[in-house]
2 protein chains.
Amino acid sequence: MHWIKLMFPKTSCRRQHLPIWQVCTQRAFSSHLPNQVTDGRVDQPSPQAEAAAEPEGLILRLPKGTRDFSPKQMAIRENIFSTIVSCFKRHGAETIDTPVFELKALLSDNWGEDSKLTYDLKDQEGELLSLRYDLTVPFARYLATNKVLKLKRYQIAKVYRRDQIITTKGRYREFYQCDFDIAGKYDPMIPDAECLKIMHEILSALKIGDFLIRINDRRILDGIFTTCGLPETKIKTVCSSLDKLGKITWKEVKNEMVNEKGICPEVADRIGEYVQLHGGVCLMEKLVQDPKLSQNKQAMEGLADMKLLFEYLTLFDIVDKISLDLSLARGLDYYTGVIYEAVLLHQQGDHFKESLDVGSIAGGGRYDGLVTSLNPKWGEVPCVGISIGVERIFTVLERNTGSWETLRTTETQVLVAAAQPNFLAERMKLITKLWDAGIKAEMFYKKNPKMLKQLHYCEERGIPLVAILGQEEMNNGVVKLREVSSREETCVPKEKIIEEINKRLGK
Amino acid sequence: MHWIKLMFPKTSCRRQHLPIWQVCTQRAFSSHLPNQVTDGRVDQPSPQAEAAAEPEGLILRLPKGTRDFSPKQMAIRENIFSTIVSCFKRHGAETIDTPVFELKALLSDNWGEDSKLTYDLKDQEGELLSLRYDLTVPFARYLATNKVLKLKRYQIAKVYRRDQIITTKGRYREFYQCDFDIAGKYDPMIPDAECLKIMHEILSALKIGDFLIRINDRRILDGIFTTCGLPETKIKTVCSSLDKLGKITWKEVKNEMVNEKGICPEVADRIGEYVQLHGGVCLMEKLVQDPKLSQNKQAMEGLADMKLLFEYLTLFDIVDKISLDLSLARGLDYYTGVIYEAVLLHQQGDHFKESLDVGSIAGGGRYDGLVTSLNPKWGEVPCVGISIGVERIFTVLERNTGSWETLRTTETQVLVAAAQPNFLAERMKLITKLWDAGIKAEMFYKKNPKMLKQLHYCEERGIPLVAILGQEEMNNGVVKLREVSSREETCVPKEKIIEEINKRLGK
């Protein structure tokens, strides 16, 4: 696999927050089929490309921010999905499905600012619909619509955001989310701890590299803001500045808060004293004894729960990857308690640092008010969940070309081959026997395929066995079974071929 | 499970072809969770329902023609999908993915009349997009965009049609399609035969009841029309009348052709002589010798290929379920050769008749021109494929309540339970050991759950084993392992618990 990075000047910038320069990626990935080039397109074609494009070529363009996945890419993705799903199932999760679009009102009421980024459908029949923006709001809607009080579910599905496209960071406008949520009234922090355990298990199993789970609590953060004298109206804008801490220095963050967002420098300094702290149980002890913060009831509730959570995380044996980080804010409005996100680390000298090229690879938190807000008359359904950023993980793992070279895109176990012309009928009869016995088998769709091409296909595709038919074999009532890796050939009586193949396949 | 059918008068009928009465289904399916009612909604609320609805209730409504799937329904669906996918994989198929929306121009150019039924997106950034209407046109676009000349792929994904909603027939506006296609230049009818073999294998494996695969060829049909003197401009409209044959009598079909569509009665009679024929190899012989039809080159090519196809279907051992049916037309424009669809049969007296309540449950055919039409300068990529009507199959299978009662919605193998209060930490430590060993395990999210409730949960959910922790067990360094079905209990030393559980689970 090779990567060609093309930079195009962005001549017209329809949306304000798009950068002047946008990195576009043209990839030629997976080429086991002749001339197969996948994902070969740019977000904004250069003037030259536009001039050269044929009218019929325009139809073949993909919508902005979307992509096709080739069989090889799908094999990598299915590896990732199956690792994630098997973890969700290991924890006893059920699954549900909801429509890809919802009433626009549901989304705009619950995604706040971000609902600007939804894809709206044309009003074709009096219904205003939008493509879902995440799986959390539809999940809450599912609970409220169907009056479900308790559910531990996972859902893997596509979501849609007309957001800035950065293909190198795995940021597209159509992308998968893998969500796991626990809805229901339970004792404090037990479901929260299991969510973090699941996140830890998945990121470990994916072998994506060293990671850290940063954790905070909305109540602690709100307590800090109140204690430091930040007006409530400024909380959101300060959160978005704080989110940059780690990527830029505190000095720069403070500068943005004071000069761009009009925060009083003393308030910013006071906030800075807290949000630069991170650690574990010791930090919590320190905060509980903090003369100012200890006066704030909300923060103390958050800290008490955090202490309990760390106890559980210790019992679950994952506390080494968890860091209480008071700068973690997370954008979404609906979080009410603990919040967390996982970042990749990369080694810098003798210590690990957050790897900035893909951003967070998983996130989540507690949202106790969302279901009630959708159906206030009904009842409380507190929820906590995680979302695995599978596209970013895919982007990181896809770069590891070496590990995927031998990854198969099919599961074919046997190729039924002809040693000489005029054996199509015999091949069809034999392959029918194999299929009916549940053996995964292919044959060439040619009347008289060449032996060498058939063998070459097996090597290319990693098919382990070839069942060869020819005149000599016919005369002797046998099939020649060839092991592709060793090139060893054995004649097997026709009536024993299924048994022999199953034996070779270790069944 | 019980079904409540509600009939609402259709007061306003926005789209002409909607019936005055529309059957709506309110289902209370799967209630293993307290108060869980899924899919409880109607397409068009009655005036009473509308008056009673709260403003916040409106947000909870689902878009018309869509539905939620509960965990139980998902378990049934996953059973269906896994049967289908395992068959596709048995035949060596790869998989790809394409975006849920495409450029509107691509769809309107290729779905003809039906493109009226697409969901269009609002023009939010200068791109005119529509949700995909099927998986065939996006597949052809994938081949043309990525310049792929050969591909045997399956794709399981949602498609969207603003069509008439008939929930009892499994007709929704958002629904899954399961497609398998073979693209590439090969010897005649070999890939076509494998497509039919796959259709046969899947429908047999799903145990959905007796079925018949009706088969025809566009070239034979066109030959018949030409021979009978039908003007080319009338072909499409006659096809749509012919599609009703079987549901209504030939007399009624003829009546429609003559009186509504202005076909000359003699032409209709001549067409009638052909399209009422169905059978196998004998029918083909008869047609080849037909003095008029044998003059038509196109029809003779179609018949020669059909003869070859039947030879291959005999070798594949599925010819008993295949019937050449000259009335089969299939609506889509892009078919160029063989076409087929599967229908369910039901026993009537001592013979089987087409079951009309769900319509066809699978279909497909050859479309050799579609890829070329998208990219004329590039090259020919002949294709043939099948599409499994999974929603209709789901509707039929879901009715079989009996067979699903014991179907589990989770795969949990062990519940880690407490025999008395204050054993949360011990449960957490034990369940961590189980998870880390790959055992699927759950525990209650309560500090002090009641023993009876924990056991009851296992019975309800079909969890086979309970690992019980209590003071006595702690003192003796053991875990009490209980088999839920037999209620047998054994004390197992803590260090041997994983081994013992794996033994019980047959690993």
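Residues numbered from 1 in each chain as written. Chains lettered and ligands numbered in written order. Predicted model: local features only at pLDDT ≥ 70, side-chain atom pairs only at ≥ 80, totals over all residues. Heavy atoms only, no water.

> Any chance you could break down the overall build of chain A for me, citing the residues and the numbers?
A count of helical and extended segments in chain A gives 19 helices and 19 strands. Looking at chain A as a whole, 57% of its 507 residues are labelled buried. Expressed as a percentage of contacts within chain A between residues at least 6 apart in sequence, the contacts between residues at least 24 apart total 68%. Surface summary for chain A: the accessible area is close to 20700 Å², and the carbon and sulfur share equals 52%. (Helix = DSSP H or I, 4+ residues; strand = E, 2+ residues; numbered from the N terminus. Buried < 20%, exposed > 50% of the residue type's maximum accessible area, 1.4 Å probe, protein only. Contact = heavy atoms within 4.5 Å. Areas by Shrake-Rupley, 256 points an atom, 1.4 Å probe, with all protein chains shown as cover.)

> I'd like a rundown of the pairing of strand 14 (residues 383-388) of chain B, residues and numbers included.
Residues and elements named next belong to chain B. Strand 14 sits mainly inside the fold: 6 of its 6 residues count as buried. Residues of strand 14 alternate between two faces, with C383, G385 and S387 on one and V384, I386 and I388 on the opposite face, all of them buried. Taken together, the 6 bridges between strand 7 (residues 174-183) and strand 14 define a ladder with antiparallel strand orientation. By the bridge assignment for strand 14, D179 is matched with S387. (Pairing = 2+ DSSP bridges.)

> Which residues make up the interface of chain B and chain A, and what values do they have?
It is common to give the size of an interface as the accessible area that goes away when the parts come together. Chain B puts 113 residues into the contact, and the matching count from chain A is 112 residues. Buried area between chain B and chain A, both sides added, is near 10000 Å², and the carbon and sulfur share of it is 57%. In this assembly, chain B and chain A are joined by 18 salt bridges. One salt bridge in this structure joins R461 of chain A and E94 of chain B, with 3.8 Å as the shortest N-O distance. Where chain B packs against chain A, one counts 49 residue pairs in polar contact (both at pLDDT 80 or more). Looking at side-chain class alone, the side of chain B that touches chain A contains 49 nonpolar, 22 polar and 42 charged residues. (Buried area = accessible area lost by both parts, 1.4 Å probe. Salt bridge = Lys/Arg side-chain N within 4 Å of Asp/Glu carboxyl O. Polar contact = N/O pair within 3.5 Å; in protein donor to acceptor, adjacent residues only side chain to side chain. Nonpolar A, V, L, I, M, F, W, Y, C, P; charged D, E, K, R; others polar.)

> Tell me about the sheet that holds strand 17 (residues 465-469) of chain A, and name the residues and values.
Residue and element names in this part refer to chain A. Read across the sheet, 5 strands follow the order 16-15-17-18-19 without closing on themselves; strand pairing throughout is mixed. At either end of the open sheet lies a strand with only one pairing partner, and these are strand 16 (441-443) and strand 19 (489-493). The mean angle between the axes of side-by-side strands here comes to 30°, regardless of whether they run parallel or antiparallel. Here 3 bridges tie strand 15 (residues 414-418) to strand 16, and the two strands are oriented parallel to one another. Looking across to strand 16, one finds that V416 is bridged to M443. Running at roughly 165° to strand 16, helix 16 (residues 424-436) makes contact with strand 15, strand 16, strand 17 and strand 18 (478-483) of the sheet. (Axes fitted to C-alpha atoms, helices over the stretch in contact; angles between N-to-C directions.)

> Provide a residue-level description of the packing of aromatic side chains, including the pertinent values.
Per the stated rule, a full pass over the model turns up 24 aromatic pairs over all chains. Ring centres of F88 of chain B and F180 of chain B lie 5.6 Å apart, and the angle between their planes is 20°; on these two criteria the pair is classed as stacked. Here F88 of chain B is found in helix 3 (residues 71-90), whereas its partner F180 of chain B is found in strand 7, with 92 residues between them in sequence. The burial state of F88 of chain B is the same as that of F180 of chain B; both residues are buried. Among the aromatic residues, those joined into a cluster by ring pairs are F88, Y154 and F180 of chain A. When the ring centre of F69 of chain B is taken as origin, the NZ or CZ atom of R77 of chain B, which lies over that ring, is 3.8 Å away. When the ring centre of F211 of chain B is taken as reference, the NZ or CZ atom of K321 of chain B above it lies at 5.0 Å. (Phe/Tyr/Trp six-rings, centres within 6.5 Å; stacked < 30°, edge-to-face > 60°. Lys NZ or Arg CZ within 6 Å of the ring centre and 35° of its normal.)

> Give a detailed account of the relation of the copies chain B and chain A, specifying residues and quantitative values.
Under the fitted operation, chain B is carried onto chain A by 0.0 Å of movement along the axis and a turn of 180°, and the coordinates agree to an RMSD of 0.1 Å. Taken together, the turn and the small shift mark the pair as related by a two-fold rotation axis. (Least-squares fit on C-alpha atoms with pLDDT ≥ 70 in both.)

> I'd like a rundown of the pairing of strand 6 (residues 151-160) of chain B, residues and numbers included.
All names here are of chain B. Within strand 6, 9 of the 10 residues are buried, leaving the element largely enclosed by the surrounding structure. Two elements, strand 3 (residues 94-95) and strand 6, share 2 bridges in a ladder whose sense is parallel. Looking across to strand 6, one finds that T95 is bridged to Y154. Bridging between strand 6 and strand 7 involves 10 bridges; their strand directions are antiparallel. Residue pairing for strand 7: K158 is matched across the bridge by Y176.

> Give me the lowdown on the environment of E201 of chain B, citing residues and values where you can.
Relative to the helices and strands, E201 of chain B is located in helix 6 (residues 190-205). Considered as a pair, E201 of chain B and C87 of chain B are 114 residues apart in the sequence and their alpha carbons are 7.2 Å apart. In contact with E201 of chain B, other than residues within four places in its own chain, are W435 and D436 of chain A together with C87, R90 and H91 of chain B.

> Give me the packing of helix 16 (residues 424-436) of chain B against helix 19 (residues 497-504) of chain B: which residues, what numbers.
Residues and elements named next belong to chain B. Packing of helix 16 against helix 19 brings their axes to within 10 Å, and their N-to-C directions diverge by 55°. Accordingly, the angle class assigned to the pair helix 16 and helix 19 is oblique. Helix-helix and strand crossings are classified by hand; for helix 16 and helix 19 the assignment is right-handed. Across the interface between the two elements, L430, K433 and L434 of helix 16 pack against I497, I498 and I501 of helix 19. Considering only residue class, the contact of helix 16 with helix 19 consists of 5 nonpolar, no polar and 1 charged. (Parallel < 35°, antiparallel > 145°, perpendicular 65-115°, else oblique. Left-handed = near helix turned anticlockwise from the far one by under 90°.)

> Could you give me a rundown of the side chain of Q454 of chain B, with the residues and numbers involved?
With respect to the secondary-structure elements, Q454 of chain B resides in helix 17 (residues 451-461). Reaching out from Q454 of chain B, the side chain makes a polar contact with the backbone oxygen of P449 of chain B at a distance of 3.5 Å.

> I'd like to hear about the environment of P464 of chain A, residue by residue, with values.
Residue and element names in this part refer to chain A. Its place among the elements puts P464 in the loop between helix 17 (451-461) and strand 17. P464 sits in the partly exposed class, given a relative accessible area of 31%. Each residue touching P464, except ones within four places of it in the same chain, is listed here: R408, T412, Q413, R482, E483, V484 and L505.

> I'd like a description of helix 9 (residues 250-260) of chain B, backed by residues and values.
All names here are of chain B. Three or more residues of helix 9 are buried, namely W250, V253, E256, M257 and V258. Elements in contact with the buried residues of helix 9: helix 8 (235-242) and helix 10 (265-275). Of the residues flanking the end of helix 9, it is G262, one or two places downstream, whose phi is positive at about 65°.

> Describe in detail the side chain of R173 of chain A, supporting the description with residues and values.
In this fold, R173 of chain A is placed in the loop between strand 6 (151-160) and strand 7 (174-183). Here D163 of chain A takes part through its backbone oxygen, which lies 3.0 Å from a polar atom of the side chain of R173 of chain A.

> Outline helix 6 (residues 190-205) of chain A, listing residues and values.
Residue and element names in this part refer to chain A. Helix length check: helix 6 (16 residues) gives 23 Å between terminal C-alpha atoms against 22 Å at 1.5 Å per residue, within 8%. Among the 16 residues of helix 6, 14 are classified as buried, and the element is accordingly described as predominantly covered. Trailing helix 6 by a residue or two, K207 shows a phi angle of about 50°, which is positive. (Expected span 1.5 Å × (residues − 1).)

> I'd like to hear about the UniProt feature "binding site: L-histidine" (unreviewed entry) in chain A, residue by residue, with values.
All names here are of chain A. Annotation from UniProt places "binding site: L-histidine" (unreviewed entry) at D134, L135, T136, R161, Q177, D181, R330, Y334 and Y335. Tracing the chain through its elements places D134 in the loop between strand 5 (129-131) and helix 5 (136-145). Residue class for D134 comes out buried when judged on its relative accessible area of 2%. Among the polar contacts made by the side chain of D134, one reaches the main-chain amide nitrogen of T136 at a distance of 3.1 Å. Within polar-contact distance, the side chain of R161 engages the backbone oxygen of Y133 at 3.0 Å. (UniProt positions renumbered as here; feature names shortened; annotations may be inferred.)

> Break down the pattern of salt bridges for me, with residues and values.
Enumeration according to the criterion identifies 77 salt bridges over all chains in this entry. Here K64 of chain A ties to E125 of chain B by a salt bridge, and the two come within 3.9 Å at their closest N and O atoms. You can see K64 of chain A sitting in the loop between helix 2 (55-59) and helix 3 (71-90) and its partner E125 of chain B sitting in the loop between helix 4 (104-110) and strand 5 (129-131), one on each of two chains. By the burial criterion, K64 of chain A is buried, and E125 of chain B matches it. Put simply, E341 of chain A and R214 of chain A hold a salt bridge, and the shortest N to O gap is 3.4 Å. Of the two residues, E341 of chain A is situated in strand 11 (residues 338-348) and R214 of chain A in strand 8 (residues 211-217); the sequence distance between them amounts to 127 residues. Taking the relative accessible area as the measure of exposure, R214 of chain A reaches 7% and is therefore buried.

> I'd like a description of the nonpolar core, backed by residues and values.
F88, I215 and Y340 of chain B are the most contacted members of the largest nonpolar core, which totals 107 residues. F88 of chain B has contacts with A93, Y154, C178, D179, F180, I198, I202, I386 and I388 of chain B, leaving out every residue within four places of it along the chain. (Core = buried A, V, L, I, M, F, W, Y, C linked by side-chain atoms within 4.5 Å.)

> I'd like a description of the sheet that holds strand 19 (residues 489-493) of chain B, backed by residues and values.
All names here are of chain B. What the 5 strands build is an open sheet, ordered 16-15-17-18-19; its pairing is mixed. Strands at the two margins of the open sheet, each flanked by one partner only, are strand 16 (441-443) and strand 19. Sheet twist, expressed as the mean angle between neighbouring strand axes with direction ignored, is 30°. With 5 bridges connecting them, strand 15 (residues 414-418) and strand 17 (residues 465-469) associate as parallel partners. Directly across from V416, in strand 17, lies its bridge partner A467. Together, strand 15, strand 16, strand 17 and strand 18 (478-483) form the strand contacts of helix 16, whose direction differs from that of strand 16 by roughly 165°.

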